[in-house]
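Observations on the model geometry
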Amino acid sequence: SDAKEKLSEEQQRLVWLYYTDFVREGAELSEVDKEEVAKINQELAGLFTLFSQKLLAEENDQFLELHSELDLDGLPEAFKNAAIAEAKERNLNVLACIGNTRSSIEPFLTFSNRRDLREKAFDIFVKRGDNKNENNTNETLVAILKLRAEKAQILGFENFAEWSLSNKMAKDPKKTLDLMHSVWKPAVEKVKNDVAAMQEMVDNEGGNFKIQPWDYRYYAEKVRKAKYDLDQNEIKQ
C-alpha cells in the first residue's frame, strides 16, 4: 500500500513484525475462536504462575543439612561460609546447609569430597516438583501441554512446536530436530570420553564404584586440574 511505501525500511519491518505477531496470536480468527484463544491464554498464565510457585516452594522447603566440618570437606572457603550463613538465615540448628537451587547444588556437586552427600544433593535437585506432596508439578505440566496443543490447532498449526517456531529463524520443528541430532551424537561421544577419563581416575584412586551423575561434576573438575592445572576457584579471584 501507499502508506507502507512512505515508511523507511526499519519502519516497514516493524509494521510487519507487529502485524504478524497480532495474526500469530489470533487477530484474524472468528470471534468464537478469538474468545477461545483468550480463555486458553488466561488459563496458561495461571498455570505458569502455579508451576513457578510450586518450584519455588520445592527450592525453599528442601535443603541438605551439613552437621560437621567433615560434611564441609572439599568446599571452597567462600562457599562454605555461604552455606553456614544459609543455615543461620533459615534458623536451622545445624552447622550449614545447601539450598535446593542450581547456584548452591552445582558448586556442592563440583567440590564436595563427600560422595554420600553429593548423592543426596543431586537427588533433591532432580526431584524438584516430582515429589509426592502438594508441590508436585506433573499435573500442571500436562495441563499446560494440552492447552498449548489446543491453542496451536485453533491458530491453524499442527502442534505447539510449529506455532512456536513460525516466527523464528528455523521455521519448522524438523530443522530444529535435525540440528539437535547433528550435535547430539558428537556430544554423547564427548561425554563418554570424559566419563572414561573420570573412571580411570576413580580406579587409580582405588575407588570401587562406577561414575554416577553425582560424581560427574566432581571428577570433571579433578580431570581439569590434572590435565590443565586449572583451578576454577583461583580463576574466580
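Keep in mind that this is a model prediction, so the values were computed, not measured.

What follows concerns helix α9 (residues 173-204). Counted at 1.5 Å a residue, the expected span for α9 with its 32 residues is 46 Å, and the 46 Å between its end C-alpha atoms agrees. The principal kink in α9, of about 25 degrees, is found at W184, preceding the proline P186 by one to four residues. All of the buried residues along α9 are P173, M198, Q199, M201 and V202. The elements touched by buried residues of α9 are α8 (160-165) and α10 (213-228). Where α9 starts, the residue carrying a side-chain oxygen 3.0 Å from the main-chain nitrogen of K174 turns out to be D172.

A few words on the packing of helix α6 (residues 115-126) against α10. At a minimum axis distance of 8 Å, the contact between α6 and α10 shows a crossing angle of 120 degrees. Between α6 and α10, the angle falls in the class oblique. Remark: the crossing between α6 and α10 carries right-handed chirality. Across the interface between the two elements, R115, R118, E119 and F122 from α6 touch P213, W214, D215, Y218 and Y219 from α10. Tallied by class, residues from the contact of α6 with α10 come to five nonpolar, no polar and four charged.

Moving on, we get to the side chain of D215. Here D215 shows up in helix α10. A relative accessible area of 0% places D215 in the buried class. Discounting chain neighbours no more than four positions away, the residues touching D215 are R115, R118, F209 and K210.

Calculation criteria
Residues numbered from 1 in each chain as written. Predicted model: local features only at pLDDT ≥ 70, side-chain atom pairs only at ≥ 80, totals over all residues. Heavy atoms only, no water. Helix = DSSP H or I, 4+ residues; strand = E, 2+ residues; numbered from the N terminus. Expected span 1.5 Å × (residues − 1). Bend = angle between axes of the 7 residues up to and from the residue. Buried < 20%, exposed > 50% of the residue type's maximum accessible area, 1.4 Å probe, protein only. Contact = heavy atoms within 4.5 Å. Polar contact = N/O pair within 3.5 Å; in protein donor to acceptor, adjacent residues only side chain to side chain. Axes fitted to C-alpha atoms, helices over the stretch in contact; angles between N-to-C directions. Parallel < 35°, antiparallel > 145°, perpendicular 65-115°, else oblique. Left-handed = near helix turned anticlockwise from the far one by under 90°. Nonpolar A, V, L, I, M, F, W, Y, C, P; charged D, E, K, R; others polar.

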